[in-house]
Amino acid sequence: MYTTCIFCHGNLDRNEAIEEFPVGRRLAFDGAKGRLWVVCRRCERWNLSPLETRWEAIEACERAFSTTRMRVASDNIGLAKLKEGLELVRVGDAVRQEFAAWRYGDQFGRRRKRAMLVTGAVGAAAGAVVVGGTLAGFAMGGIFPGLFQGAQSWYRDRVLLRLRNEDGDRIRVQRKHLYTSRLVPSADASGWDLRVDHIPGWGKRDRKNKRKSRRHTMIVRGSEAIGLAGQLMAHANRRGGARKAIRAAVDRIEEAGHPEAFLPGAARRAMRDFSGSGKADLPAKKIEGLMTPLPGTLGGLKVDVRLAIEMATHEQAEREALEGELKELEARWREAEEIARIADSLLVPESVEGLMEEERSRVDAGPGDGISASR
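Please read these numbers as outputs of a predicted model, since none were measured by experiment.

Rules of the game
Residues numbered from 1 in each chain as written. Predicted model: local features only at pLDDT ≥ 70, side-chain atom pairs only at ≥ 80, totals over all residues. Heavy atoms only, no water. Helix = DSSP H or I, 4+ residues; strand = E, 2+ residues; numbered from the N terminus. Buried < 20%, exposed > 50% of the residue type's maximum accessible area, 1.4 Å probe, protein only. Contact = heavy atoms within 4.5 Å. Areas by Shrake-Rupley, 256 points an atom, 1.4 Å probe, with all protein chains shown as cover. Phe/Tyr/Trp six-rings, centres within 6.5 Å; stacked < 30°, edge-to-face > 60°. Core = buried A, V, L, I, M, F, W, Y, C linked by side-chain atoms within 4.5 Å. Axes fitted to C-alpha atoms, helices over the stretch in contact; angles between N-to-C directions. Parallel < 35°, antiparallel > 145°, perpendicular 65-115°, else oblique. Nonpolar A, V, L, I, M, F, W, Y, C, P; charged D, E, K, R; others polar. Salt bridge = Lys/Arg side-chain N within 4 Å of Asp/Glu carboxyl O. Expected span 1.5 Å × (residues − 1). Pairing = 2+ DSSP bridges.

**Student:** Any details on the overall build of the protein? Residues and values, ideally.
**Tutor:** Of regular secondary structure, the protein possesses ten helices and eleven strands. Within the protein, the proportion of its 375 residues that are buried is 42%. Restricting to contacts in the protein with at least 6 residues of sequence separation, those with at least 24 account for 61%. Of the roughly 20,500 Å² of accessible surface on the protein, 53% is carried by carbon and sulfur atoms.

Spelled out as structure tokens, the structure:
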């Protein structure tokens, strides 16, 4: 089994994910035609593997491709990335995409447990302060309301993200901006955008100028909206979710058919909730002093909707990153396929042709059938 590229003679490296074929960090395979390539990461050329090493490896690649969550596909080529780091390029009809909801359950569950522990610790500390203050003879009506009000103000004004707007200026997104920022339908109503409230500047120096620190709004679109929405929803979902809420979030995405299809509908529902609340035209002073999120905003959505939006934005961000590689891969596959067709047809005995047809039928039957005892 070769370990260097036949085109540039570079090292093809190794993988630990496919025991039957441990060469390469990117493998391309075509189960229908029985072809397996090692893609050189140095020159990006496709190295066709010898006939005798392919079949078990192709079956292993098919199983690994179908079970990984990080995959994306066009009509005739797909790309998947395994946890071990190996990349698989699958040639053939697209595999049905399934929403990998299982990976979010633990994540949201851990957040929920952490939030419960923090809430319990804060409650215990507050109880101790109340008891201590009472024993010391403090006036409960004077000190503790002030402390509570100060804590609320700190919580609302806490900076979640420091970014730059479309003009390159520094801006801050605070927790209170989750109370007013929201998903909105795009101009053509087929997609969605993100309406984000913020204040200028990054630090204490900017806070001295109160006029400069008034609330501003920007509309974020496309890939930037996907990434920013994912970050903001992680803060909106800081308390995680119970299993029932997570299951409801998954159901919402599955009803839409796909995470990408869920988000425009979520934007339309958020717009209806916001417009129908009767609070869309609140004065600026009241908005600045909000203690609870407005309906339809990132923080004001139902728990399962918030969780579903975070899931969907993360899934879409991953898919876009993978889809960027597909076009180049498809062009290189067509070149490699022509070479492989010629190579496989040269001086191949009829007995070998029969074996190839037998193995192709086995692969077409689907992964998991195993290797027959006769072999």
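**Student:** Residue-level account of the packing of aromatic side chains, with values.
**Tutor:** Considering all chains together, one arrives at two aromatic pairs under this definition. Here the aromatic rings of Phe 29 and Phe 65 are separated by 6.4 Å at their centres, their planes lie at 75 degrees, and the arrangement is edge-to-face. Of this pair, Phe 29 sits in strand S1 (residues 26–30) while Phe 65 sits in helix H1 (residues 55–67), and the two are 36 residues apart along the sequence. Across the pair, exposure class does not vary: Phe 29 and Phe 65 are buried alike.

**Student:** Give a detailed account of the nonpolar core, specifying residues and quantitative values.
**Tutor:** Residues Trp 192, Leu 194, Leu 228, Leu 232 and Ile 309 are the most contacted members of the largest nonpolar core, which totals 43 residues. Residue assignment for this core shows that the elements contributing at least two residues are strand S7 (159–164), strand S8 (170–174), strand S10 (192–200), strand S11 (216–220), helix H5 (222–236), helix H6 (243–256), helix H7 (259–276) and helix H9 (303–345). Element by element, the count of residues in this core is highest for H5, at seven residues. In contact with Trp 192, other than residues within four places in its own chain, are Leu 183, Val 184, Pro 185, Ser 186, Ala 225, Ile 226, Ala 229, Leu 263, Pro 264, Ala 267, Thr 313 and Gln 316. In terms of nonpolar packing, the next biggest core, distinct from the first, is built from 21 residues, Leu 27, Ala 60, Cys 61 and Leu 82 among them.

**Student:** Summarise the packing of H6 against H7; cite the residues concerned and give the values.
**Tutor:** Packing of H6 against H7 brings their axes to within 7 Å, and their N-to-C directions diverge by 105 degrees. When the interaxial angle is binned, H6 and H7 end up roughly perpendicular. Residues Arg 252, Ile 253 and Ala 256 of H6 touch H7, and the partners they reach there are Pro 259, Ala 261, Phe 262 and Arg 269. Taken together, the residues of the contact of H6 with H7 break down into five nonpolar, no polar and two charged.

**Student:** Explain the pattern of salt bridges to me, and be specific about the residues and the numbers.
**Tutor:** One pass over the structure, following the stated rule, counts 14 salt bridges. Residues Glu 87 and Arg 26 are paired through a salt bridge, measuring 2.5 Å at the closest nitrogen-oxygen approach. Of this pair, Glu 87 sits in strand S6 (residues 87–91) while Arg 26 is found in strand S1, placing the two residues 61 residues apart along the sequence. Grouping residues by exposure puts Glu 87 and Arg 26 together as buried. Asp 193 is paired through a salt bridge with Arg 221; the nearest N and O atoms lie 3.6 Å apart. Taken together, the positions of Asp 193 in strand S10 and Arg 221 in the loop between S11 and H5 put the pair 28 residues apart, joining distant regions of the chain. The class of Asp 193 is buried, set by a relative accessible area of 8%.

**Student:** Outline H5, listing residues and values.
**Tutor:** End to end, H5 covers 21 Å across 15 residues, agreeing with the expected 21 Å (1.5 Å per residue, within 8%). For H5, every residue scored as buried is listed here: Ala 225, Ile 226, Leu 228, Ala 229, Gly 230, Leu 232, Met 233 and Ala 236.

**Student:** Give me the lowdown on H7, citing residues and values where you can.
**Tutor:** A rise of 1.5 Å per residue sets the reference length of H7, with its 18 residues, at 26 Å; its end C-alpha atoms lie 26 Å apart and thus fit the reference within 8%. Here H7 has its buried residues at Pro 259, Phe 262, Leu 263, Pro 264, Gly 265, Ala 266, Ala 267, Ala 270 and Phe 274.

**Student:** Would you mind going over the sheet that holds strand S2 (residues 35–39) in detail, with residue names and values included?
**Tutor:** The mixed open sheet is built from six strands, whose spatial order is S3-S2-S1-S6-S5-S4. What marks the edges here is a single partner per strand, and that holds for strand S3 (46–48) and strand S4 (71–73). Averaged over all adjacent pairs, the angle separating strand axes in this sheet is 20 degrees, with direction ignored. The pairing of S4 with strand S5 (residues 77–81) spans three bridges and is classified as antiparallel. Bridged to Ala 73 within S5 is Gly 78.

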